[in-house]
Amino acid sequence: MKNQWINLLAGSVRVKAQGKGVERLINACVRNDIAVWNVKKHGDHIATFFILLKDVRRLRIVARKSDCKLYFVGKVGFPFFFKNMLTNFGVFVGVCFFFAIVFMLSNMIWGIDIKGAKPETEYRILKELKQMGVEKGALQFFIDDPVTIQKKLMDRIDNITWIGVELKGTTFYFQVVEKNEPKEPEKVGVRHLVARKKAVITDMFVEKGQPLVSVNDHVTKGQLLVSGIIGKEGRTTFVPARGKIFGETWYKSTVVLPLKATFQVLTGKYMEKHYIAVKNISIPIWGFQKPTFRHYKIDRQKRPLRFWKWDLPIYYERVVFRETQEAKRSYTWEEALAKAKELAREELKAKLPEDAKIKGEKVLHQARENGKVRVELHYQVIENIAIPQPIVQGD
């Protein structure tokens, strides 16, 4: 039969018919709408075939009118499996309980390994992890993914430069780089220091090398500032020039800011749904109601379930619906101008090195265009303009 799945669910029986007129018996079954398949002859008067479990009683009625004896020599399908399961219910429950325990243990956290941290830093990391629910015995389903844990630790602990987070099996591995770790001495070859851009020299600190410019000098891009060749002619020595040459540089910035804007903000309200996913099919296991929010954004977290040391092709998926609401913002001309200046200054600071300072600010042009404020600004900046240039043969 074509639909073998229906046969398995309904249950089927393998029948052995013995006697004269086996063929007539099978034909009689067909005439009485008894489905027969996999008919095999084992002699002149013996044949086997399959019928559905529900047709056994009708087969007996048909067989009484024939010269054949029936023997039921096999049974297949869910009804027989279910009956055997009920007969051996204790064994079945024990097996299920065993696999459930192994499954739960495979998805717990059994180890937290922290490397590269001092004892006090390690203690603080463990404390923060405990607040996040990351501890021995916790289920992996209900904790954040490694990327989120890494970000939270970086935000909460000030004395670490970087922390690597990796989940292998049932163990979390943390690799810590602290801020107070000594830096390896920089290995540099012989070099000059040249100007990175056009500027007016405001201050100089030369640690090694021969300075070739002075304060208040105008320099152009690529101009030699500190030579790595020291000594008199005939007795020169090549050194790696070191130092900082501070100069006044100039920047232009243009900011366009709308006087009125609409955007989405989070209200703090949320609801969760939990799924078991197989490929592209998601089966809900908790949180069946629809979100009551009119507007929301969706965050998804998906991770594979484990059994022993293997990742199963089954995933636990957590979906968080976070309520959003529309917020409107409007500025007066003065407020928009002040905000545009603030944004331009923050944008410039993000581009400048830490030791740079903004000396002055001047508005070159300001205008209102199509409900927006357009501002062009000019900045005077004091920054280190010296960059290294290797000394090549012939210098």
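All of these numbers come straight from a predicted model, not from anything done at the bench.

Calculation rules
- Residues numbered from 1 in each chain as written.
- Predicted model: local features only at pLDDT ≥ 70, side-chain atom pairs only at ≥ 80, totals over all residues.
- Heavy atoms only, no water.
- UniProt positions renumbered as here; feature names shortened; annotations may be inferred.
- Helix = DSSP H or I, 4+ residues; strand = E, 2+ residues; numbered from the N terminus.
- Buried < 20%, exposed > 50% of the residue type's maximum accessible area, 1.4 Å probe, protein only.
- Arc of directions from axis to C-beta.
- Contact = heavy atoms within 4.5 Å.
- Polar contact = N/O pair within 3.5 Å; in protein donor to acceptor, adjacent residues only side chain to side chain.
- Disulfide = S-S within 2.5 Å.
- Pairing = 2+ DSSP bridges.
- Axes fitted to C-alpha atoms, helices over the stretch in contact; angles between N-to-C directions.
- Core = buried A, V, L, I, M, F, W, Y, C linked by side-chain atoms within 4.5 Å.
- Domains from an automatic or database assignment.
- Parallel < 35°, antiparallel > 145°, perpendicular 65-115°, else oblique.
- Left-handed = near helix turned anticlockwise from the far one by under 90°.
- Nonpolar A, V, L, I, M, F, W, Y, C, P; charged D, E, K, R; others polar.
- Salt bridge = Lys/Arg side-chain N within 4 Å of Asp/Glu carboxyl O.

Caption draft 1: Just the UniProt feature "transmembrane region" (unreviewed entry) in the protein, in detail. Within this structure's numbering, the places UniProt gives as "transmembrane region" (unreviewed entry) are residues 89–110. The straight-line gap between the two end C-alpha atoms of residues 89–110 is 33 Å; of that span, 82% is helix and 0% is strand.

Caption draft 2: Just helix 3 (residues 56–64), in detail. Listed as buried for helix 3 are Val56, Leu59, Val62 and Ala63. Down the axis of helix 3, the smallest arc covering the buried residues is 115°, so these residues share one side. Among the exposed residues of helix 3, those pointing more than 90 degrees away from its buried face are Arg57 and Arg64. On its buried side, helix 3 packs onto strand 1 (12–20), helix 2 (22–31), strand 3 (46–52) and strand 4 (67–76).

Caption draft 3: Seen up close, the side chain of Thr324. Mapped onto the elements of the fold, Thr324 is located in strand 19 (residues 310–330). A polar contact is formed between the side chain of Thr324 and the side chain of Gln264, at a distance of 3.5 Å. For Thr324, the contacting residues outside a window of four places in its chain are Gln264, Val265, Leu266, Thr267, His295, Tyr296 and Lys297.

Caption draft 4: Representation of the state of the cysteines within the structure. By the definition in use, this model includes 0 disulfides. Left unpaired, Cys29 is separated from the closest cysteine sulfur, that of Cys68, by 9.6 Å. A residue is classified by how much of its surface remains accessible, and Cys29, at 0% relative accessible area, is buried.

Caption draft 5: Examining the sheet that holds strand 4 more closely. Here 4 strands make up an open sheet; going across it, the order is 2-3-1-4 and the pairing antiparallel. Both outer strands of the open sheet, strand 2 (37–41) and strand 4, are each paired with one neighbouring strand and no more. Pairs of neighbouring strands in the sheet enclose a mean axial angle of 20°, with direction left out of account. Where strand 2 meets strand 3, 3 bridges bridge the pair, whose relative direction is antiparallel. Counted as the bridge partner of Lys40 is Thr48 from strand 3. Of the strands in this sheet, strand 1, strand 3 and strand 4 are in contact with helix 3, which crosses strand 4 at around 165°.

Caption draft 6: Examining the nonpolar core more closely. If you look at the biggest cluster of nonpolar residues, it comprises 18 residues, and the most contacted ones within it are Val15, Val22, Leu25, Phe49, Ile51 and Leu59. For this core, the secondary structure elements donating two or more residues are strand 1, helix 2, strand 3 and helix 3. Sort the elements by how many residues they give to this core and helix 2 lands first, with 5 residues. Excluding residues within four positions of it along the chain, Val15 makes contact with Ala47, Thr48, Phe49, Ile51, Leu59, Leu70, Tyr71 and Phe72.

Caption draft 7: Examining the domain arrangement of the protein more closely. What the domain assignment reports for the protein is domain 1 (4–81), domain 2 (109–178), domain 3 (254–259 + 330–385) and domain 4 (262–329). Once you take the C-alpha centre of each, domain 1 and domain 2 turn out to be 65 Å apart.

Caption draft 8: Geometry of the sheet that holds strand 17 (residues 281–286). Pairing is antiparallel in the open sheet, where 4 strands are placed in the order 17-16-19-18. Each edge of the open sheet carries a strand with a single partner, namely strand 17 and strand 18 (296–307). Sheet twist, expressed as the mean angle between neighbouring strand axes with direction ignored, is 40°. As paired elements, strand 18 and strand 19 share 11 bridges and run antiparallel to each other. When the sheet's bridge partners are listed, Gln301 is paired in strand 19 with Arg318. Relative to the sheet, helix 5 (residues 89–106) contacts strand 18 and strand 19, its axis offset from that of strand 18 by approximately 120°.

Caption draft 9: Structural context of the packing of helix 6 (residues 119–131) against helix 7 (residues 146–156). Where helix 6 meets helix 7, the closest approach of the two axes is 11 Å, and the angle between their N-to-C directions is 125°. Here helix 7 runs oblique to helix 6, going by the angle between their axes. At the point where helix 6 passes helix 7, the crossing takes the right-handed sense. When helix 6 is examined against helix 7, the residues Arg124, Ile125, Glu128, Leu129 and Gln131 are found in contact with a partner set consisting of Ile149, Leu153 and Arg156. Residue composition of the contact of helix 6 with helix 7, by class: 4 nonpolar, 1 polar and 3 charged.

Caption draft 10: Just the pattern of salt bridges, in detail. One pass over the structure, following the stated rule, counts 16 salt bridges. A salt bridge links Lys41 to Glu23, with the nearest nitrogen and oxygen atoms 2.7 Å apart. On the criterion of sequence distance, the pair formed by Lys41 in strand 2 and Glu23 in helix 2 is long-range, its members being 18 residues apart. We classify Lys41 as partly exposed; its relative accessible area is 49%. Relative accessible area serves as the criterion here: at 39%, Glu23 is assigned to the partly exposed category. Where Glu166 meets Lys168, a salt bridge forms, and the shortest distance between an N and an O atom there is 4.0 Å.

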